[in-house]
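What the coordinates show
Chain by chain, the residues:
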Amino acid sequence: MHRNLNRQVGAGEIQGIERCRAAARSRCASKNRRSRLCMMSGDFKLQVSTVMGLEALVKQELEELGYSNCLAKNGRVEVQAPPSAIPRLNINLRTANRILLEVCELLLLPLQLTSRQVAEFEACSFDELFDGVSAVEWSSFIPKGASYPVGGKSVDSILHSVPACQSICKKAISASLARGRGAVTTESWVEEDERKGVCEVEVAINKNLVKISIDTSGAALSRRGYRTKVLDDGAPLKETLAAGILMLR
């Protein structure tokens, strides 16, 4: 077949055809990679927590850093930003306590880039809580082998026992990780090793509405470590609050 094609169109044109085929294969492979790595592209919804009363200053700092799409609320500021903003905000924000990443679900759309929606759902029973948390593709967020402690809070909700909710969420995340990493059964418990990383998960339930986020800061940003001697003796003011007072002058 190639010999006949050679006689009809010539060797140079065949090379061009082969290059086009190779480019098409490369585009398909690239599309598949984007589907798997979509959590690393596009904007995320970040929650910047702060001391009550300093929300306007956090918003001002965000705008000075170039992030204009932000909304101040009680004790926090919401901002839409790319993944590169996470380390940048943790380093540069003077009045923030923590930077929380709201966990999103992946929606695979045919022949398109994937889109995301914030993982919010209503849960009035432990089964609904388990199903909602385990539906998230946690392998996109938690590195293999990393530890994933779960913190939580519940306000005006049927599921009012925070320790019980934390336990259910922990099992749900483990089931999702086991499923995403090819385990035979989703009942498998995923091993954790803090030496491979720590991914702190926050589950907040408010009036039966569950919102999941990941703490990207670790230790509170008011204890960043550049005044360790003073902090050991007990600082008179948190550094974030002190920075806010100076900015208000």
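Here the structure is a predicted model, which means the values were calculated and not measured. (Residues numbered from 1 in each chain as written. Predicted model: local features only at pLDDT ≥ 70, side-chain atom pairs only at ≥ 80, totals over all residues. Heavy atoms only, no water.)

**Concerning the packing of helix H5 (residues 126–134) against helix H6 (residues 162–180)**
So the rule is basically this: Only the stretch in contact is used when a helix axis is fitted, and all axes are lines through C-alpha atoms; the angle between N-to-C directions ranges over 0 to 180 degrees. Helix and strand assignments follow DSSP, with helices taken as H or I runs no shorter than four residues and strands as E runs no shorter than two, numbered in order from the N terminus. Put simply, angles under 35 degrees are roughly parallel, angles over 145 are roughly antiparallel, angles from 65 to 115 are roughly perpendicular, and the rest are oblique. Crossing handedness: left-handed means the near helix sits turned counterclockwise from the far one by under a right angle, and right-handed means the same turn made clockwise. Note on contacts: a residue pair qualifies if any of its non-hydrogen atoms lie within 4.5 Å across the two residues. Amino acids outside the nonpolar list (Ala, Val, Leu, Ile, Met, Phe, Trp, Tyr, Cys, Pro) and the charged list (Asp, Glu, Lys, Arg) are all regarded as polar, and Gly is one of them.
As a packed pair, H5 and H6 sit with axes 8 Å apart at the nearest point and diverge in direction by 40°. With respect to H6, the axis of H5 lies oblique. In this structure, the crossing between H5 and H6 has a hand that is right-handed. Here Phe-126, Leu-129, Phe-130, Val-133 and Ser-134 of H5 come into contact with H6, specifically with Ala-164, Cys-165, Ile-168, Cys-169, Lys-171, Ala-172, Ile-173, Ala-175, Ser-176 and Arg-179. The residue inventory of the contact of H5 with H6, partitioned by class, reads eleven nonpolar, two polar and two charged.

**Some words on a negative patch on the surface**
Short version of the rule: A patch consists of residues exposed above 30% relative accessible area that lack any salt bridge, with like charges linked at up to 9 Å and nonpolar side chains (Val, Leu, Ile, Met, Phe, Trp, Tyr) linked at up to 5 Å. Residue exposure ignores everything except the shown protein chains as possible cover, and the areas themselves are Shrake-Rupley values with a 1.4 Å probe. The term salt bridge refers to a pairing of a side-chain nitrogen on Lys or Arg with a carboxyl oxygen on Asp or Glu at a separation within 4 Å. When charges are counted, neither His nor the chain ends are considered; positive counts come from Lys and Arg and negative counts from Asp and Glu. Think of each charge as sitting on NZ of Lys, CZ of Arg, CG of Asp or CD of Glu.
On the surface, a cluster of negative charge is made up of Glu-122, Asp-127, Glu-128 and Asp-131. With respect to the element layout, Glu-128 can be found in helix H5.

**Quick notes on the pattern of salt bridges**
Here is the rule we go by: Remark: exposure states derive from per-residue accessible area (1.4 Å probe, protein chains only) relative to the maximum for the residue type, with buried under 20%, exposed over 50%, and partly exposed in between.
Here the structure, examined in full by the defined rule, presents eight salt bridges. For the salt bridge of Lys-45 with Glu-78, the shortest nitrogen-to-oxygen distance reads 3.7 Å. With Lys-45 in strand S1 (residues 44–50) and Glu-78 in strand S3 (residues 76–81), this residue pair connects regions lying 33 residues apart in the sequence. As far as burial versus exposure is concerned, Lys-45 and Glu-78 are alike and both buried.

**Quick look at the confidence of the model for the protein**
Counted only if it meets this: Every residue gets a pLDDT, meaning the predictor's confidence in that residue, from 0 to 100.
Predicted confidence across the protein gives a mean pLDDT of 76, with 68% of residues reaching 70 or more. Here residues 23–41 is a poorly scored stretch, pLDDT under 50, and it has 16 contacts once near neighbours within four places are set aside; other chains count.

**With respect to helix H4 (residues 85–92)**
Using the following cut-off: Read the arc as the range of directions from the helix axis to the C-beta atoms.
Among the residues of H4, Ala-85, Ile-86, Leu-89 and Asn-90 are the ones counted as buried. Buried residues along H4 cover an arc of 130° about the axis, so they all sit on one side. Buried residues along H4 sit in contact with S1, helix H3 (55–64), S3 and strand S4 (96–102).

**Brief notes about the side chain of Ser-157**
Here is the rule we go by: Nitrogen and oxygen atoms within 3.5 Å of one another constitute a polar contact, given that in protein one can donate a hydrogen and the other can accept it, and given that sequence-neighbouring residues count only through two side-chain atoms.
Along the polypeptide, Ser-157 turns up in the loop between strand S8 (150–155) and H6. The exposure class of Ser-157 is buried, given its relative accessible area of 13%. Among the polar contacts listed, one links the side chain of Ser-157 to the backbone nitrogen of Lys-207, at a separation of 3.1 Å. Not counting residues up to four positions away in its chain, the partners in contact with Ser-157 are Ile-205, Asn-206, Lys-207 and Asn-208.

**Regarding the side chain of Thr-50**
Topologically, Thr-50 is positioned in strand S1. Thr-50 has contacts with Glu-55, Val-58, Gly-75, Arg-76, Thr-95, Ala-96 and Asn-97, leaving out every residue within four places of it along the chain.

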